[in-house]
Each structure stands twice: as structure tokens, then as C-alpha cells.
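# A look at the structure
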Amino acid sequence: MNIRILLAIPLAMSLAACAGDTRPAGFSATLPPPPAAPMQQVAAVTYGNDGAIYQASQGYAPLYNGNRAARVGDLVTIVLIERTSTTKATSGKTQRDGNAGLDLPDFIPVDPGDLNASADASFTGAGNAAQTSSLRGDLTVTIAEVRPNGTALVRGEKVMNFSQGEEWVQLSGIIRLSDIDADNRIASIRVADAQIAYSGKGAVQRAGKPGWLSRFFSIVSPF
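Here we summarise the structure given alongside this text. Predicted model, so just to flag it, every value in this text is computed and none were measured.

About the thresholds
- Residues numbered from 1 in each chain as written.
- Predicted model: local features only at pLDDT ≥ 70, side-chain atom pairs only at ≥ 80, totals over all residues.
- Heavy atoms only, no water.
- Helix = DSSP H or I, 4+ residues; strand = E, 2+ residues; numbered from the N terminus.
- Buried < 20%, exposed > 50% of the residue type's maximum accessible area, 1.4 Å probe, protein only.
- Contact = heavy atoms within 4.5 Å.
- Areas by Shrake-Rupley, 256 points an atom, 1.4 Å probe, with all protein chains shown as cover.
- Core = buried A, V, L, I, M, F, W, Y, C linked by side-chain atoms within 4.5 Å.
- Polar contact = N/O pair within 3.5 Å; in protein donor to acceptor, adjacent residues only side chain to side chain.
- Salt bridge = Lys/Arg side-chain N within 4 Å of Asp/Glu carboxyl O.
- Pairing = 2+ DSSP bridges.
- Axes fitted to C-alpha atoms, helices over the stretch in contact; angles between N-to-C directions.

### A word on the overall build of the protein
A tally of helices and strands in the protein yields three helices and eight strands. Starting at the N terminus, the α and β elements of the protein follow one another as α-β-β-β-β-β-β-β-β-α-α. By residue count, 20% of the 223 residues in the protein fall in the buried class. Restricting to contacts in the protein with at least 6 residues of sequence separation, those with at least 24 account for 65%. Of the accessible surface of the protein, which amounts to about 16300 Å², a share of 55% is contributed by carbon and sulfur atoms.

### Concerning the nonpolar core
Within the largest apolar cluster, 17 residues are counted, with the highest numbers of intra-cluster contacts made by Val76, Ile78, Leu80, Val141, Ile143 and Ile175. Of all the secondary structure elements, the ones that give two or more residues to this core are strand E3 (75–100), strand E4 (117–146), strand E5 (151–162) and strand E6 (165–176). In this structure isoleucine 175 touches Val76, Gly150, Thr151, Ala152, Val154, Ile180, Ile186, Arg190 and Val191, once residues within four positions along its chain are discounted.

### Details of the side chain of glutamate 166
Looking at the element boundaries, glutamate 166 is found in strand E6. A polar side-chain atom of glutamate 166 sits 3.1 Å from a polar atom in the side chain of arginine 23. Dropping the residues within four chain positions of it, glutamate 166 is found in contact with Arg23, Val159, Met160, Asn161, Ser199, Gly200 and Lys201.

### Structural notes on the pattern of salt bridges
Per the counting criterion, the structure on display carries five salt bridges. Glutamate 166 is the partner of arginine 23 in a salt bridge, and the nearest nitrogen-oxygen pair spans 3.1 Å. Taken together, the positions of arginine 23 in the loop between helix H1 (3–20) and strand E1 (40–42) and glutamate 166 in strand E6 put the pair 143 residues apart, joining distant regions of the chain. Accessibility expressed as a relative area gives 31% for arginine 23, which makes it partly exposed. Taking relative accessible area as the criterion, glutamate 166 reaches 15% and is therefore assigned buried. Connected through shared salt-bridge partners, Arg23, Glu157 and Glu166 make up one network.

### Focus on the sheet that holds strand E8 (residues 192–202)
Remark on secondary structure: sheet strands pair via backbone hydrogen bonds, oriented parallel or antiparallel. Overall, mixed pairing links the six strands, which are arranged E7-E3-E4-E5-E6-E8 in an open sheet. Each having just a single partner strand, strand E7 (185–187) and E8 make up the two edges of the open sheet. Sheet twist, expressed as the average angle between the axes of neighbouring strands with direction ignored, equals 20°. The pairing of E3 with E7 spans three bridges and is parallel. Paired with isoleucine 78 across the bridge in E7 is isoleucine 186.

### Some points on the pairing of E3
Across 26 bridges, E3 lies against E4 in antiparallel orientation. Bridging across to E4, glycine 92 finds its partner in glycine 125.

### Details of unusual backbone geometry
Backbone geometry places asparagine 184, a non-glycine residue, at a positive phi of 60°. Of note, asparagine 184 is situated in the loop between E6 and E7. On the accessibility criterion, asparagine 184 (17% relative accessible area) is buried.

### Overview of the environment of aspartate 74
Checked against the element boundaries, aspartate 74 lands in the loop between strand E2 (45–47) and E3. Given a relative accessible area of 17%, aspartate 74 falls into the buried group. Along the chain, aspartate 74 and alanine 144 lie 70 residues apart, while their C-alpha atoms are 8.5 Å from each other. Once you skip the residues sitting within four places of it in the chain, aspartate 74 turns out to touch Ala69, Val141, Thr142 and Ile143. Within the structure, aspartate 74 has its side chain in polar contact with the backbone nitrogen of arginine 71 (distance 3.0 Å).

### What about the side chain of threonine 30?
With respect to the element layout, threonine 30 can be found in the loop between H1 and E1. Excluding its chain neighbours within four sequence positions, the residues that come into contact with threonine 30 are Val72, Gly73, Thr142, Ile143, Ala144 and Arg155.

Okay, structure coming up:
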């Protein structure tokens, strides 16, 4: 094989690994829509085109709604209380025995023991697997879309820059507006189609992964 090809394979694997550490896009905050029309100043009081003093586009909400998030661009705090625990155990055992024999007349000079055959086979196997993961914290996201059935699409991210790298938490999903409490908080277990990502990049992140040469030999090794 050409030496250039041998050198290109690890380089491509290294670039692919670096690409995997890139923060996924599409989780940026959604801004509220701009006002439909410019405001008019009449007698030192701000009125809208419909004549009302209080306009939703200026941050006001009806008394029956309060300050609860319900519009595009409003903030909702997702309380991350994710915890999963799985355990699986399997076992199996099989056994099979068999024998065969043949009796010959006495005048045939063959030892009957040479004509007997027996066989047995057995198998015993067991497997155990266990996994536990948990995620705790708060993440404030924005409402990206409000649906007619009372649900809303939310998404957002939190990016933390440290001296040894960068970490981020990203979330998107669908919530019911009625599940939002008076403090504009909702538990993550009430988020439908939730996509939660916690990852990062930097020296600490790279230390927990095998090097490109180890990954290369693990791919080409037949064992």
C-alpha cells in the first residue's frame, strides 16, 4: 500500500474526531417577532393602531395570563431531573446426550466395545448488563413555536467556557403551556420528544478518549 495512503488514514480519523467535538447548531435563542406596526404618540400616551394602551409587543400581558410564558420568545426554565437505570440479566443452559451400540453374533471376531458410540454436548452461558445515568440542573430556553393545541416547541443551550475547554448543555422538545408553573419552570420529564445533549471539547474531553493511533489499530485489528 502506498505510504501516502497509510498516512492519510490516521489523518482523516483525527479530523473526524475533531469534527465530533463541534457544538451542534440550531439551539440558539428564538427572539420574539417584531411589532406589527410602529407606535404612535398621542397626547403623551403610547397607543397602538388598535387604540389600546397596553400592547403585547411591548411586554405587557393580560391580567388573566399574568407573567406566565406563552408567546414566541418567552423564557421557560427547564428543571433537569433526568435519571435512568437499566439492568438486564440473561442465562442459558443446554445439554444433550446420546449413545448407540451394536450386538454381533459370537462367530464374528469383533470386540463389541469397538462398535459402541456415545456423544454428549452441553452449553452454559450467562450475561449481565447494568447502566445508570443522571443529570441535574436548570436550563433556561425560549419558546420557538406555539401550536394551536396548547403545546409549544422550546429550545436553548448553555455554553460554559473553562480554562481547559468548553462544555455545553443543549435541549429541545415540546411542552404543554399549562404545565408551566407560576415561576415559568417545568420539569424535564414533562418535555415530549426531548433531545438533551451534554458534551464539550478541550483538553479534559480529549483525555477521556483513546488517541487516533489506538482507534486506527482497533479498527484494522481482526481480534
